[in-house]
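Listed here are the chains, written in short residue letters.
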Amino acid sequence: MKTIYFTLQGKGGVGKTLTSSYLQQYLKQRSDKDSKIMGIDTDPNNSSFISIKSLDVIFLPLFDEKQKINERNFDKIIELFYEKQDTTFIVDSGATSFLPLVNYLKENHIMEMLKDKFNIIIQIPITGGQAQEDTLNGMEYLIETFKGENVKFNIWRNEYFGKIETEEIKEFEEFQQYKKYKTHINGILTLSQVNEQTFGVDLEKMHKAKLTFAEIATDVDFTLMEKQRLKTYEHKIFEMMDTIIETA
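Residues numbered from 1 in each chain as written. Predicted model: local features only at pLDDT ≥ 70, side-chain atom pairs only at ≥ 80, totals over all residues. Heavy atoms only, no water.

A look at the pairing of strand E5 (residues 118–127)
Argument step 1. Among the ten residues of E5, nine are classified as buried, and the element is accordingly described as predominantly covered.
Argument step 2. As paired strands, strand E1 (residues 2–7) and E5 are joined by six bridges and run parallel to one another. In the strand pairing of E5, Thr 3 is matched with Asn 119.
Argument step 3. Bridge analysis of E5 against strand E6 (residues 151–158) gives eight bridges, and the strand direction is parallel. The partner of Ile 124 across the bridge, within E6, is Ile 155. (Buried < 20%, exposed > 50% of the residue type's maximum accessible area, 1.4 Å probe, protein only. Helix = DSSP H or I, 4+ residues; strand = E, 2+ residues; numbered from the N terminus. Pairing = 2+ DSSP bridges.)

So this is what it looks like as structure tokens:
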């Protein structure tokens, strides 16, 4: 069976699109050349996933004529899943569509419906800094909502805003939220802090340009050393994903 990856988190700006794009790039590089991989952007306010042109992401319009999210529009995703059962999907959800999508999946028993057709993995970004508590609460909410429904959970630790820690607890694995749900967590991936003056500037330049790691190699706007550092970072991230992500 192929896999559907839902990238979900109720807090905005914590790396949902980043993890979705890295995952799709990884699957494209590591999978057989004939494998079919499709990204779906469901963020009605900040469609940043679809803006990475080389990934060929499709956009799902969710707003009705009154500019309100109509949950019936999610039906189109499920129809697409059934039409293309030979495809691996990455569904990127924005903060605006988070609750409507979670409610839709739960109310319509979608995970039960899909279990014989696809493996289902929910990707949950969590981050340090001011959003730490919100993202940990979002993780807990998602696992509590979908545990026991043939769903696996991959946790992405995004350290861009700081390490995920408190004054007393320095490791995520010591957090009560992790201990409570560790049997449901398939794997943990970490986007570690980088040197802000070198790798940080290069990554920001790549992300602002809406480019993939593969495109950087031939892009004349990037210097030799920028390309070298981004290649090094790509290798590190993809090597980490090798231990958790199944290729298409």
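Additional details are given in the paragraphs that follow.
Here's the deal with the packing of aromatic side chains
One pair of aromatic rings is described through two measures. These are the centre distance and the angle between the planes.
Argument step 1. This structure, assessed with the given rule, holds 14 aromatic pairs.
Argument step 2. Relative to Phe 118, the ring of Phe 81 has its centre 6.0 Å away and its plane inclined at 55°; by these criteria the two rings are tilted. Pair noted here: Phe 81 is in helix H2 (residues 75–83) and Phe 118 is in strand E5, with a separation of 37 residues, a long-range link.
Argument step 3. Accessibility expressed as a relative area gives 2% for Phe 118, which makes it buried.
Argument step 4. Aromatic rings pair up to connect Tyr 22, Tyr 26, Phe 213, Tyr 233 and Phe 238 into one cluster. (Phe/Tyr/Trp six-rings, centres within 6.5 Å; stacked < 30°, edge-to-face > 60°.)

Overview of the nonpolar core
Argument step 1. Phe 6, Ile 40, Phe 81, Ile 122, Ile 124, Phe 146 and Phe 172 are the most contacted members of the largest nonpolar core, which has 41 residues in total.
Argument step 2. Ignoring any residue separated from it by four or fewer positions in sequence, one finds Ile 122 in contact with Phe 6, Leu 8, Met 111, Phe 146, Val 151, Lys 152, Phe 153 and Asn 154.
Argument step 3. Ile 52, Leu 189, Leu 191 and Leu 230 belong to the second-largest nonpolar core, a separate cluster that totals 29 residues. (Core = buried A, V, L, I, M, F, W, Y, C linked by side-chain atoms within 4.5 Å. Contact = heavy atoms within 4.5 Å.)

Remarks on the sheet that holds strand E4 (residues 87–92)
Argument step 1. Taking strand neighbours across the sheet as the criterion, the seven strands line up as E3-E2-E4-E1-E5-E6-E7 in an open arrangement whose pairing is parallel. The two strands at the open ends of the sheet, each matched to only one other strand, are strand E3 (58–59) and strand E7 (185–191).
Argument step 2. Note that E1 and E4 share four bridges and pair parallel. The residue bridging Thr 7 from the neighbouring strand is Asp 92, located in E4.
Argument step 3. Lying on the sheet, helix H5 (residues 132–146) is in contact with E5, E6 and E7; it crosses E5 at an angle near 160°. (Axes fitted to C-alpha atoms, helices over the stretch in contact; angles between N-to-C directions.)

So, the confidence of the model for the chain
Argument step 1. Of the residues in the chain, 100% have a pLDDT of 70 or more, and the chain-wide mean is 93.
Argument step 2. Within the chain, no element has a lower average pLDDT than helix H3 (residues 95–107), which sits at 92, and none a higher one than helix H9 (residues 224–242), at 97. (pLDDT = per-residue confidence, 0-100.)

Quick word on helix H7 (residues 196–208)
An α-helix turns once every 3.6 residues. As a result, residues three or four positions apart point the same way.
Argument step 1. Between its first and last C-alpha atoms H7 spans 16 Å; for 13 residues at 1.5 Å apiece the expected length is 18 Å, and the helix comes up short by more than 12%.
Argument step 2. Regarding H7, the residues found buried are Gly 200, Asp 202, Leu 203 and Met 206. Angularly, the buried residues of H7 cover 160° about the axis, an arc narrow enough to put them on a single face. More than 90 degrees from the buried face of H7, the exposed residues found are Glu 196, Gln 197 and Lys 208.
Argument step 3. In the core, the buried residues of H7 are packed alongside helix H1 (16–30), helix H8 (213–216) and H9.
Argument step 4. One or two positions beyond H7, positive phi appears at Lys 210, with a value near 60°. (Expected span 1.5 Å × (residues − 1). Arc of directions from axis to C-beta.)

A closer look at the side chain of Ser 93
Argument step 1. Tracing the backbone through its elements, the reader meets Ser 93 in the loop between E4 and H3.
Argument step 2. You can call Ser 93 buried: its relative accessible area is 1%.
Argument step 3. Side-chain polar atoms of Ser 93 contact the side chain of Ser 97, separated by 3.0 Å.
Argument step 4. Those residues within four positions of Ser 93 in sequence are excluded, and the remaining contacts are Thr 7, Leu 8, Lys 16, Thr 42, Phe 98 and Leu 101. (Polar contact = N/O pair within 3.5 Å; in protein donor to acceptor, adjacent residues only side chain to side chain.)

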